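Residue strings, one per chain:
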Amino acid sequence: KQLEGKIKDSVRRLRKINCHLEVFEPETIQYGPLLGRGGEGVVHQCIVEYKGLPLQCAVKSVLCNNEESIQLALEELEILCMARDPIADHVLQVYGVSAVPTKEDPSLGHLAIITEAGLKNSLQFFQEENHCLKLKIRLLCDLASAIHYVHQRKIMHRDIKPENVLITHVSYRGRTPDKIQFKIMDFGMG
């Protein structure tokens, strides 16, 4: 119940700045394979039901359910929502949140943040094979532009690194990657 109250407060704050955040029921989240681990939790591939349709996503489960960890996660979620640009869309989209009850303490539970899923982070992408310099430079220029936009919104990421740049789409010319789309993620230090 405490967590649900904190989620409602975040949803209200975001609504004031025209950001919509869906609150998902925990039973609508179908967990898939583990995608990664971080200091505060784990990320799984998942499917959620949204307006009657299945939506492929990623879910970050904030396993530290103490007051400070939950507050930091909700602040990061709000920063992600505020940093989004509707035209040059280079910040990870947050679809919603959920308060998932735990066996240890069903009254508190843990926070689940549902976001868009990607293919892999940029470090993994560029380590897989030797991509052309033109593609790397294009990514860096687009990334610099995205960071500039975020800075104009008075938000500093403070942890830009290849692991926090999520590749979401790759266009090919023949067998060679020609263009990549990405999203900046992990605003936990923002």
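Residues numbered from 1 in each chain as written. Predicted model: local features only at pLDDT ≥ 70, side-chain atom pairs only at ≥ 80, totals over all residues. Heavy atoms only, no water.

Quick word on the sheet that holds strand β7 (residues 120-121)
Part 1: On the basis of which strands lie adjacent, the open sheet formed by three strands has the order β7-β8-β9 and antiparallel pairing. For this open sheet the edge positions go to β7 and β9 (176-184), each flanked by a neighbour on one side alone.
Part 2: Note that strand β8 (residues 165-173) and β9 share eight bridges and pair antiparallel. Bridging across to β9, His169 finds its partner in Gln181.
Part 3: Set on the sheet, helix α4 (residues 133-152) makes contact with β8 and β9; between it and β9 the angle comes to about 20 degrees. (Pairing = 2+ DSSP bridges. Helix = DSSP H or I, 4+ residues; strand = E, 2+ residues; numbered from the N terminus. Contact = heavy atoms within 4.5 Å. Axes fitted to C-alpha atoms, helices over the stretch in contact; angles between N-to-C directions.)

Focus on unusual backbone geometry
Part 1: You will see that Lys51, though not glycine, has its phi angle at about 50 degrees, which is positive.
Part 2: Within the element layout of this structure, Lys51 appears in the loop between β3 (41-50) and β4 (53-62).
Part 3: For Arg158, which is not a glycine, the phi torsion comes out positive at approximately 70 degrees.

Observations concerning the packing of aromatic side chains
Part 1: Taken as a whole and assessed by the stated rule, the structure comprises two aromatic pairs.
Part 2: Ring geometry for Phe24 against Tyr50: centres 6.3 Å apart, planes inclined by 55 degrees, an arrangement best described as tilted. Of the two residues, Phe24 is situated in the loop between β1 (22-23) and β2 (29-37) and Tyr50 in strand β3; the sequence distance between them amounts to 26 residues.
Part 3: Residue classification places Tyr50 among the partly exposed positions, given a relative accessible area of 29%.
Part 4: For the ring pair Phe125 and Phe126, a centre distance of 5.0 Å and an interplane angle of 85 degrees mean the geometry is edge-to-face. (Phe/Tyr/Trp six-rings, centres within 6.5 Å; stacked < 30°, edge-to-face > 60°. Buried < 20%, exposed > 50% of the residue type's maximum accessible area, 1.4 Å probe, protein only.)

A short note on the sheet that holds strand β6 (residues 110-115)
Part 1: With mixed pairing, the six strands of this open sheet are ordered in space as β1-β5-β6-β4-β3-β2. A single partner strand is all that each edge strand has here, and the edge strands are β1 and β2.
Part 2: Of the pairings in the sheet, the one linking β2 to β3 comprises six bridges and is antiparallel in character. When the bridges of β3 are listed, Tyr31 appears paired with Cys46.

Details of the side chain of His157
Part 1: Mapping His157 onto the fold places it in the loop between α4 and β8.
Part 2: Judged by its relative accessible area of 5%, His157 is buried.
Part 3: Among the polar contacts made by the side chain of His157, one reaches the main-chain carbonyl oxygen of Met185 at a distance of 2.9 Å. (Polar contact = N/O pair within 3.5 Å; in protein donor to acceptor, adjacent residues only side chain to side chain.)

Notes on the pairing of β8
Looking down a regular strand, the side chains alternate between one sheet face and the other.
Part 1: In this sheet, β8 lies alongside β7 in antiparallel orientation, the contact comprising two bridges. Directly across from Lys120, in β8, lies its bridge partner Ile167.
Part 2: The antiparallel hairpin formed by β8 and β9 contains two residues in its connecting segment, where Gly174 sits at a positive phi of about 70 degrees.

Some words on the side chain of Thr115
Part 1: Note that Thr115 resides in strand β6.
Part 2: For Thr115, a relative accessible area of 9% corresponds to the buried category.
Part 3: When neighbours within four sequence positions are excluded, Thr115 is seen to be in contact with Cys57, Ala58, Leu92, Gln93, Val94 and Tyr95.

Considering the pattern of salt bridges
Part 1: For the coordinates displayed, the defined rule picks out 10 salt bridges.
Part 2: Put simply, Arg12 and Asp9 hold a salt bridge, and the shortest N to O gap is 2.5 Å. Of this pair, Arg12 and Asp9 both sit in helix α1 (residues 2-16), three residues apart, which is roughly one turn of the helix.
Part 3: Residue Arg12 is classed as partly exposed on the basis of its relative accessible area of 44%.
Part 4: Residues Lys161 and Asp159 are paired through a salt bridge, measuring 3.8 Å at the closest nitrogen-oxygen approach.
Part 5: Each of the salt bridges in this network shares a partner with another, and the network as a whole consists of Arg84, Asp89, Glu116 and Lys183. (Salt bridge = Lys/Arg side-chain N within 4 Å of Asp/Glu carboxyl O.)

Section: the layout of surface pockets
Part 1: Reported here for the largest pocket is a volume of approximately 880 Å³.
Part 2: The biggest single contributor to the lining of the largest pocket is helix α2 (residues 67-83), with six residues. (1 Å grid on protein atoms, 1.4 Å probe; cavity = no way out; pocket = protein on both sides within 12 Å on 5 of 7 lines; lining within 4 Å. Points joined across faces, edges and corners; volume = space filled by probe spheres on them.)

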